[in-house]
Amino acid sequence: MITAEELCDRFGDCTRAATDSRGDVDGVMFFALHGASFDGNDFAADALRRGARWAVVDSNRPIEHNPDLAERMIRVDNTLTALQNTAREYRRRLALPIVAVAGSNGKTTTKELTACVLSERYEVAATRGNLNNHIGVPLTLLSMTHDTQIGVVEMGASACGEIRLLASIAEPNCGIITNIGRSHLEGFGGVEGIRRGKGELYDFLASHGGRAFVPEDDEVLMQMASERPTMQVERYPLSLSDGIRSNLEGRYNLANIAAAVAIGRYFDVEQERIEYAIEHYTPSNNRSQLIESGRNTIIADCYNANPSSMSAAIENLHRDDHTKKMLILGDMLELGEWSDDEHRHIAMTAAQVEGAEIISVGSSFAAAADVVAGDMVASGAWRCFATTGEAAEYLKTYNPSGYRILVKGSHGWALEKVLPLL
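Since this is a predicted model, take the numbers as computed values, not measurements. (Residues numbered from 1 in each chain as written. Predicted model: local features only at pLDDT ≥ 70, side-chain atom pairs only at ≥ 80, totals over all residues. Heavy atoms only, no water.)

1. Some words on the overall build of the protein
Alright, step 1. When helices and strands are tallied, the protein shows 18 helices and 16 strands.
Alright, step 2. Against the 2.2 N^0.38 benchmark of 22 Å for 422 residues, the protein shows a C-alpha radius of gyration of 23 Å, consistent with a compact globule.
Alright, step 3. Considering only C-alpha atoms, the protein reaches an extent of 70 × 50 × 40 Å along its principal axes.
Alright, step 4. When contacts within the protein are restricted to residue pairs at least 6 apart in sequence, those whose partners lie at least 24 apart make up 67%.
Alright, step 5. For the protein, the distance from the average site of its 40 positive side-chain charges to the average site of its 58 negative ones is 2 Å. (Helix = DSSP H or I, 4+ residues; strand = E, 2+ residues; numbered from the N terminus. Rg over C-alpha atoms; globule rule 2.2 N^0.38 Å. Contact = heavy atoms within 4.5 Å. Lys, Arg positive; Asp, Glu negative; His and termini not counted. Charge placed at Lys NZ, Arg CZ, Asp CG, Glu CD.)

2. Here we look at the pairing of strand E11 (residues 289-292)
Alright, step 1. As defined by bridge partners, E11 adjoins strand E12 (residues 297-300) across four bridges and the pair is classed as antiparallel. Bridged to Ile291 within E12 is Ile298. (Pairing = 2+ DSSP bridges.)

3. A look at the sheet that holds strand E16 (residues 404-408)
Alright, step 1. Within the open sheet, the six strands sit side by side as E11-E12-E16-E13-E14-E15. Their pairing is mixed. The open sheet has two edge strands, E11 and strand E15 (382-385), and neither has a second partner. In this sheet, adjacent strand axes meet at a mean angle of 15° when their direction is disregarded.
Alright, step 2. Contacting E12, strand E13 (325-330) and E16, helix H14 (residues 307-319) crosses the sheet at an angle of about 170° to E13. (Axes fitted to C-alpha atoms, helices over the stretch in contact; angles between N-to-C directions.)

4. Describing the side chain of Glu279
Alright, step 1. Within the secondary structure, Glu279 is located in helix H13 (residues 271-279).
Alright, step 2. Side-chain polar atoms of Glu279 contact the side chain of Arg245, separated by 3.4 Å.
Alright, step 3. The residues touching Glu279, leaving out its near neighbours within four places in the chain, are Ile244, Arg245, Ser246 and Asn247. (Polar contact = N/O pair within 3.5 Å; in protein donor to acceptor, adjacent residues only side chain to side chain.)

5. Here we look at unusual backbone geometry
Alright, step 1. Even without a glycine there, the phi angle at Glu334 is positive, about 60°.
Alright, step 2. Within the secondary structure layout, Glu334 lies in the loop between E13 and helix H15 (339-351).
Alright, step 3. Classification of Glu334 as partly exposed rests on a relative accessible area of 43%.
Alright, step 4. Positive phi, normally seen in glycine, also occurs at Ala414, with a value near 50°.
Alright, step 5. Within the secondary structure, Ala414 is located in the segment after E16.
Alright, step 6. Looking at Ala414, the relative accessible area reads 13%, which means it is buried. (Buried < 20%, exposed > 50% of the residue type's maximum accessible area, 1.4 Å probe, protein only.)

6. Digging into the nonpolar core
Alright, step 1. By size, the foremost hydrophobic cluster in this structure holds 73 residues, and its most contacted members are Met29, Leu141, Tyr202, Ile314, Leu327 and Leu329.
Alright, step 2. With five residues, the single largest contributor to this core is helix H4 (residues 79-94).
Alright, step 3. Not counting chain neighbours up to four residues away, the residues in contact with Tyr202 comprise Ile177, Ala212, Val214, Leu221, Met224, Ala225, Arg228 and Met231.
Alright, step 4. The next biggest cluster of nonpolar side chains, apart from the first, holds 29 residues, and it includes Leu113, Val117, Ile176 and Tyr281. (Core = buried A, V, L, I, M, F, W, Y, C linked by side-chain atoms within 4.5 Å.)

Structure (structure tokens):
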């Protein structure tokens, strides 16, 4: 069976790696992965016909009858493992610094800011979009070129063991955990599980001579760092964000800005260029994105949500002195047995935003509102809908104007669909 080294040799002839045969596959190495409702092996021959250089397929697949296609099919025991092993070997050959970004909240924004800052001095390759899992991280590594000088790799996880795997593939030289929040409680089995799971990045750095950027204002992360005495630690204060203007909404983004400053300084980016990069970064991914619609000011933070990020976003709106406020909230998913308590806590926080109108989507917030904000539900100040579509129909009729509106919920609710109605 072919080795990772041999696969990496063949990848040298390719433009990139791909796992989706539907787009442009000219010159790619196509990895035939399995999904819940598809088998990539079924599309390998078509990818080769349309220009793929190689197709990596499972060894138990029937031999392709077309000799030209058959000789460009690389048979392996497991295509996902082959993708990951090829990415690891390729990363080793590039021999460049990799900065890993993990954490419960803010990791994508921190990754984006860090990449912008480092790009002021270096050729940087960073995770695109949300390709931060066991497939996305290998694809990110394989998108790098010999011109790349630094890689910034986001690592997401919903259970223990996942960061350990991603770190073993990307082999980061340094990294940052943005925070330990109440995300994916069901998968991690509680807050202690989250701490262990995210701490797997520190474990890798500690055992491989790596360096962690640790916010000294965060007691939990400082304690976690102290528990790993072999890890090199670069401490930095939240005050690194002082005086830096940005297009990001919310005080909670100051921590993300400070992280990017700390990493930029470590890699010898001049302070003036650091500030320029942050000030000119414009979010466009429904994460802390400020939108002026002409009728309302919208805080689009609806890519995802968990109790920690939801609470921070609502409290940020609460501090705002705008007279008309609206919250459009979607249920937080993947909370398991903690779901009822967490939704009631967030419902209480939302109900304390003075004079705000609240629209919620999903049964969990509806139940929580009945318990902690029954008077608001009775008066119509809090309206509950089962689906995003139902909420959208209401907004079409209501046509709100003059509001400062927070839109936040788990990605599964697709709350971005209501943004054009605001």
